[in-house]
Amino acid sequence: MMLPPGKLARMISDRLRHARSRLSSGETKASEIAWIVQRLLEEGGVHCETTPSMEDLKGFLIASPRGAEITVSEHLSDDERLDLFAHLLARAMVGNLDVRARSVLTPIWSAAFGQAPASRVTEKAFTSHLAYVDGRAPQDETRTARRNAAVAAYLTQAILDGHLELAPRYAYGLESEALRRPGLRPAFGRLVLDLCHRFSLALFWRSSRYQKLRANRQVTEVASHIEGMVRRAYAV
């Protein structure tokens, strides 16, 4: 069974950040990074394989409750394979983002008190995506397809950079908190943060301008600082 794509993204992002820090000191070769990511995907329940028979495709993803598979062309370089792994993982997350983004207008009081958000109940059970070679993709893309591609591009870059905070945390399915302190004050603080994160995801899903703004590291640092102030103020 495949781990949630958001959890896999967090594991891979952390490993890439550490691997690249060793790479700068000469301890890790660039060619090893794609292999490290493939191993993490396989440990997370994704069957990975290569094939020589692809011409128009770089690779594809198929994921369902029965398992997940990523197949890539053996003609790709290590850098191309790494980019494709991150891109297909981002596509797996995009498959459920429309559900999560719409949940911003649903009741959120239950989220503050630890009940499962409604968006988790209706997530899609099957996801697939074909990654085409440059210039081979269909030209009659719909508006929805273009939006999905734009969102996936930002998520892919956040994974590859090793900084998932460059996209809304709810894009990765990180709604739940590991520790929920009892009391009305912490519950209100969680409620405020939940609402902010849901609006952030909704804007990220619908607005190309907000996508660019959210990917700015200075903006991200300010947002993280404000969240920290709210957490301290309400003992979240």
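Residues numbered from 1 in each chain as written. Predicted model: local features only at pLDDT ≥ 70, side-chain atom pairs only at ≥ 80, totals over all residues. Heavy atoms only, no water.

**Student:** Which parts of the structure should I look at to understand the overall build of the chain?
**Tutor:** Along its length, the chain carries eight helices and four strands. Overall, the chain shows an N-to-C arrangement of helices and strands of α-α-β-β-β-α-α-β-α-α-α-α. Taken across its 236 residues, the chain has 44% of its residues classed as buried. For the chain, the proportion of contacts with a sequence separation of at least 24, taken over those separated by at least 6, is 72%. When the accessible surface of the chain is totalled, it reaches about 13,200 Å², and 54% of it is carbon and sulfur. (Helix = DSSP H or I, 4+ residues; strand = E, 2+ residues; numbered from the N terminus. Buried < 20%, exposed > 50% of the residue type's maximum accessible area, 1.4 Å probe, protein only. Contact = heavy atoms within 4.5 Å. Areas by Shrake-Rupley, 256 points an atom, 1.4 Å probe, with all protein chains shown as cover.)

**Student:** Hey, could you run me through the side chain of Arg81 in this one?
**Tutor:** Looking at the secondary structure, you find Arg81 in helix H3 (residues 78-102). According to the relative accessible area criterion, Arg81 is buried, its value standing at 15%. Apart from residues lying up to four places away in sequence, Arg81 is in contact with Ala34, Gln38, Val72 and Leu76.

**Student:** How should the pattern of salt bridges be read in this particular structure?
**Tutor:** Should their charged atoms come close, side chains of opposite charge can pair. Evaluated as defined, the whole model comprises seven salt bridges. Between Glu43 and Arg39 there is a salt bridge; the shortest N-O distance is 3.7 Å. Placement of both Glu43 and Arg39 in helix H2 (residues 30-43) is noted, with a separation of four residues, approximately one turn of the helix. A relative accessible area of 54% means that Glu43 is categorised as exposed. (Salt bridge = Lys/Arg side-chain N within 4 Å of Asp/Glu carboxyl O.)

**Student:** Sorry if this is basic, but what is going on with the packing of aromatic side chains here?
**Tutor:** Scanning the model with the defined rule gives two aromatic pairs in all. On the numbers, 6.4 Å between centres and 75° between planes, the contact of Tyr154 with Phe204 is edge-to-face. Here Phe204 lies in helix H6 (residues 184-206) and Tyr154 lies in helix H5 (residues 143-161), a separation of 50 residues in the sequence. Phe204 sits in the buried class, given a relative accessible area of 0%. Ring centres of Phe188 and Tyr234 lie 5.5 Å apart, and the angle between their planes is 55°; on these two criteria the pair is classed as tilted. Note that Phe188 is positioned in helix H6 and Tyr234 in the segment after helix H8 (217-233), a separation of 46 residues in sequence. (Phe/Tyr/Trp six-rings, centres within 6.5 Å; stacked < 30°, edge-to-face > 60°.)

**Student:** In this structure, what is going on with the sheet that holds strand S1 (residues 46-51)? I would like to understand it.
**Tutor:** Strand pairing in a sheet relies on backbone hydrogen bonds, with the paired strands running either antiparallel or parallel. Strand order in the open sheet formed by four strands is S1-S3-S2-S4, and the pairing between neighbours is mixed. Bordering the open sheet on either side are S1 and strand S4 (127-132), each of which pairs with just one other strand. Neighbour-to-neighbour, the strand axes of this sheet turn through a mean angle of 10°, independent of strand direction. For S1 and strand S3 (residues 67-73), the ladder comprises six bridges, and the chain directions are parallel. (Pairing = 2+ DSSP bridges. Axes fitted to C-alpha atoms, helices over the stretch in contact; angles between N-to-C directions.)

**Student:** I would appreciate a short explanation of H8 in the present structure.
**Tutor:** Residues spaced three or four apart along an α-helix point in a common direction, a consequence of the helix completing one turn every 3.6 residues. Compared with the 24 Å implied by 1.5 Å per residue over 17 residues, the 24 Å span of H8 between its first and last C-alpha is a close match. Looking only at H8, the buried set comprises Thr220, Glu227, Gly228 and Val230. All buried residues of H8 project into a common sector of 160° when viewed along the axis, lining one side. Exposed residues pointing more than 90 degrees away from the buried face of H8 are listed as Gln218, Glu221 and Arg232. At its buried positions, H8 is contacted by H6 and helix H7 (208-214). Backbone nitrogen of Gln218 and a side-chain oxygen of the N-cap are separated by 2.9 Å at the start of H8; the cap is Asn216. (Expected span 1.5 Å × (residues − 1). Arc of directions from axis to C-beta. Polar contact = N/O pair within 3.5 Å; in protein donor to acceptor, adjacent residues only side chain to side chain.)

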